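Residues per chain are reported as follows:
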Amino acid sequence: MNPKIRIVNEEILSDNWYVLKKITYMSEAKDGSWKSQARESYDRGNGATILLYNREQHTVILTRQFRIPTYLNGNETGLLIEACAGLLDKESAEDSIRREAEEETGYRVTKVQKICEAYMSPGSVTEILHFFVAEYTPTMKVGEGGGVAEEQENIEVMEIPFQQALEMIKEGEIKDAKTMMLLQYAQINRLLDPVPSQQHILIAGPYRSGTGDDPHLIQRNIDFMNDIALKVYEAGHLPVLGEWYALPLIEKAGSQRIGDEIFNRIFHPSSVRLLKYCDAVLRVGGPSQGADEMVRAALSMGKIVYRELGDIS
């Protein structure tokens, strides 16, 4: 169902802080008739939020600050425990959340992982919130945080055991939706579980990309990934290529050429199955839609993604 909408009028009710509009629009009903409706829409821009977590300490960084709307709706102190967040300020969501994390918490994180986007109050607010997670260590602390004084921010930084934060949701001490979503994401995807000393690592790189299906160039790509796999093995981990599983199966199933029905049915899906049993993905080499898809799948499963061989401990 794709509703047909015609905007009839936009009236600005307030632009004191952000922009509140009254929108009058026509929408087509199921019977084909058009009906007029009016709604208010609050535009405060888009934002980003992040959960900082530490695997070794099993802790998360949250903040506490006064929120007048909660005070007006039953929160006796008006104080709310939240994940670090802020509006995008003419910059990318990633750049924005790195800046906000440093300003609010005092931690300068470099590697951030985006997990999703969400409309937080779609009935009245236009904002899309970009959700991130990132590991922090004590060495990343470059300041005390607390927000920007010129913006009248007065933020308390809280380092809390992860399990305690989850209990605070149950007890009603944490009522902020974005924070609950981030904490539950961390729980479901086991972000704070210790990294295994020996990891099962999927090597994801180009196979056909840029080769024109030339068998010599394809073999060069395989050799490159095999060289990386050997280095991963010598570092004490267990590497694997999706090609090691897929190619013998494709041949046995009777594939006649690269890209035929049998090839497509087995090649990429077998890597997705394999990924479920891996701890991490190492993305190597040049452009590759398939390798990039493995990275996206790994992130959605809460797996570790390495971009450089040297990042693997």
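Scroll up to find the structure.
Now for a look at the structure at hand. Only a predicted model underlies this, so the values are computations on that prediction, with no experimental measurement involved.

Note on sheets: strands pair through backbone hydrogen bonds, and any given pair is parallel or antiparallel. The strand order S1-S2-S3 describes an open sheet built from 3 strands, whose pairing is antiparallel. Bordering the open sheet on either side are strand S1 (5-14) and strand S3 (34-43), each of which pairs with just one other strand. Ignoring which end each strand starts from, the neighbouring axes of this sheet average 20° apart. In this sheet, strand S2 (residues 19-28) lies alongside S1 in antiparallel orientation, the contact comprising 8 bridges. By the bridge assignment for S2, Ile12 is matched with Lys21.

Across the interface, helix H7 (residues 261-275) lies against helix H8 (residues 289-300) with an axial gap of 11 Å and an inter-helix angle of 30°. The orientation of H7 with respect to H8, classified from their angle, is roughly parallel. Seen from above, H7 lies across H8 with right-handed handedness. Along the contact surface, H7 presents His268, Ser271, Val272 and Leu275, while H8 presents Gly290, Glu293, Met294, Ala297 and Ala298. Its residues placed into classes, the contact of H7 with H8 shows 5 nonpolar, 3 polar and 1 charged.

Let us look at unusual backbone geometry. Look at Arg190: it is not a glycine, yet its phi comes out positive at around 55°. Positionally, Arg190 belongs in the loop between helix H4 (177-188) and strand S11 (200-204). Judged by relative accessible area, which is 57%, Arg190 ranks as exposed. At Asp213, a position not held by glycine, the phi torsion is positive, near 60°. Relative to the helices and strands, Asp213 is located in the loop between S11 and helix H5 (215-234). With a relative accessible area of 32%, Asp213 lands in the partly exposed category.

The 4 strands are arranged S12-S11-S13-S14 in an open sheet whose pairing can be described as parallel. The open sheet has two edge strands with one neighbour each: strand S12 (238-241) and strand S14 (304-306). Strand after strand, the sheet turns through a mean of 30° between neighbouring axes, direction not considered. Here 4 bridges tie S11 to strand S13 (residues 280-283), and the two strands are oriented parallel to one another. Along S13, the bridge assignment pairs Leu202 with Val281. Along the sheet, helix H6 (residues 242-252) makes contact with S11 and S12, crossing S12 at roughly 40°.

Cut-offs and rules
Residues numbered from 1 in each chain as written. Predicted model: local features only at pLDDT ≥ 70, side-chain atom pairs only at ≥ 80, totals over all residues. Heavy atoms only, no water. Pairing = 2+ DSSP bridges. Helix = DSSP H or I, 4+ residues; strand = E, 2+ residues; numbered from the N terminus. Axes fitted to C-alpha atoms, helices over the stretch in contact; angles between N-to-C directions. Parallel < 35°, antiparallel > 145°, perpendicular 65-115°, else oblique. Left-handed = near helix turned anticlockwise from the far one by under 90°. Contact = heavy atoms within 4.5 Å. Nonpolar A, V, L, I, M, F, W, Y, C, P; charged D, E, K, R; others polar. Buried < 20%, exposed > 50% of the residue type's maximum accessible area, 1.4 Å probe, protein only.

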